[in-house]
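Tertiary structure, described
Here is how the chains run, residue by residue.
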Amino acid sequence: QVQLVESGGGLVQPGGSLRLSCAASGIILSINTMGWYRQAPGNQRELVATITSSGSTNYADSVKGRFTISRDNAKKTVYLQMNSLKPEDTALYYCNADLFARSTPLRTTTYWGQGTQVTVSS
């Protein structure tokens, strides 16, 4: 079945950078929108950034100018380049994809990764 697997999280100091990756596996016909969400302890899951199949991007106000989302369709992978990290960026980051799988070719299905932890602390 389709799976999304995130990687690249870790512990960084304020002002540092991380690059998250999320690779989709399985028999996928096409991927529409991919995105990153995050959830800090005690908080609701919030949207960080999305990117459509045509490359249109959308960012949360809190990360604009610092984060960049991109995708490699050949690798079925979405990335999140995070620069100028702040302690408030600390959260579990989840990858999301809205896609057509071969098992369900007539409708899109939303998939979520297992999450990768990003901790920004001195």
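You'll find the structure just up there.
Let me begin by describing the structure that accompanies this report. Keep in mind that this is a model prediction, so the values were computed, not measured.

**As for the overall build of the protein**
Regarding its fold elements, the protein presents 0 helices and 11 strands. Along the protein, helices and strands appear, N-terminal first, in the series β-β-β-β-β-β-β-β-β-β-β. The C-alpha extent of the protein, read off along each of the three principal axes, is 45 × 25 × 25 Å. Counting only residues that meet the buried cut, the protein has 42% of its 122 residues in that class. For the protein, the accessible surface area stands at approximately 6,300 Å², while carbon and sulfur atoms represent 47% of it. One way to put it: in the protein the 11 positive side-chain charges average out to a point 7 Å from where the 7 negative ones average out.

**Describing the state of the cysteines**
Here the structure, examined in full by the defined rule, presents 1 disulfide. Here C22 is linked by a disulfide to C95, with a sulfur-sulfur distance of 2.0 Å. Since a negative S-S torsion denotes a left-handed disulfide, the C22-C95 link at about -85° is left-handed. Highlighted residues: C22 in strand β3 (residues 18–25) and C95 in strand β9 (residues 91–101), separated in sequence by 73 residues. Both residues of the pair, C22 and C95, belong to the buried class.

**Some words on the environment of M34**
With respect to the helices, strands and loops of the structure, M34 is situated in strand β4 (residues 28–39). Once the C-alpha coordinates of M34 and S70 are considered, the two residues, 36 residues apart in sequence, prove to be 9.2 Å apart. Here M34 is in contact with A49, T50, I51, I69, R71, K76, V78, N96 and A97, once residues within four sequence places are set aside.

**So, the pairing of strand β7 (residues 67–72)**
Only one face of β7 is covered, namely the face carrying F67, I69 and R71; the face carrying T68, S70 and D72 is uncovered. Note that β7 and strand β8 (residues 77–82) share 6 bridges and pair antiparallel. The partner of R71 across the bridge, within β8, is V78. Count of turn residues in the β7/β8 antiparallel hairpin: 4 residues, of which K76 carries a positive phi of about 50°.

**Looking at the sheet that holds β7**
Each strand in a sheet pairs with its neighbour through backbone hydrogen bonds, running either in the same direction (parallel) or in the opposite one (antiparallel). Spatial ordering of the open sheet is given by β1-β3-β8-β7, a layout of 4 strands whose pairing is antiparallel. Edge positions in the sheet fall to β1 (3–7) and β7, since each of these pairs with one other strand and no more. Between one strand and the next, the sheet's axes are offset by a mean angle of 15°, whatever the strand orientation. Note that β3 and β8 share 6 bridges and pair antiparallel. Bridge pairing links C22 to V78 in β8.

**Some details on the pairing of β1**
Burial of β1 is one-sided: the residues L4 and E6 facing one way are buried, the residues Q3, V5 and S7 facing the other way are not. Both β1 and β3 contribute to a ladder of 5 bridges, which runs antiparallel. For Q3, the partnering residue across the bridge sits in β3 and is S25.

What counts and what doesn't
Residues numbered from 1 in each chain as written. Predicted model: local features only at pLDDT ≥ 70, side-chain atom pairs only at ≥ 80, totals over all residues. Heavy atoms only, no water. Helix = DSSP H or I, 4+ residues; strand = E, 2+ residues; numbered from the N terminus. Buried < 20%, exposed > 50% of the residue type's maximum accessible area, 1.4 Å probe, protein only. Areas by Shrake-Rupley, 256 points an atom, 1.4 Å probe, with all protein chains shown as cover. Lys, Arg positive; Asp, Glu negative; His and termini not counted. Charge placed at Lys NZ, Arg CZ, Asp CG, Glu CD. Disulfide = S-S within 2.5 Å. Contact = heavy atoms within 4.5 Å. Pairing = 2+ DSSP bridges. Axes fitted to C-alpha atoms, helices over the stretch in contact; angles between N-to-C directions.

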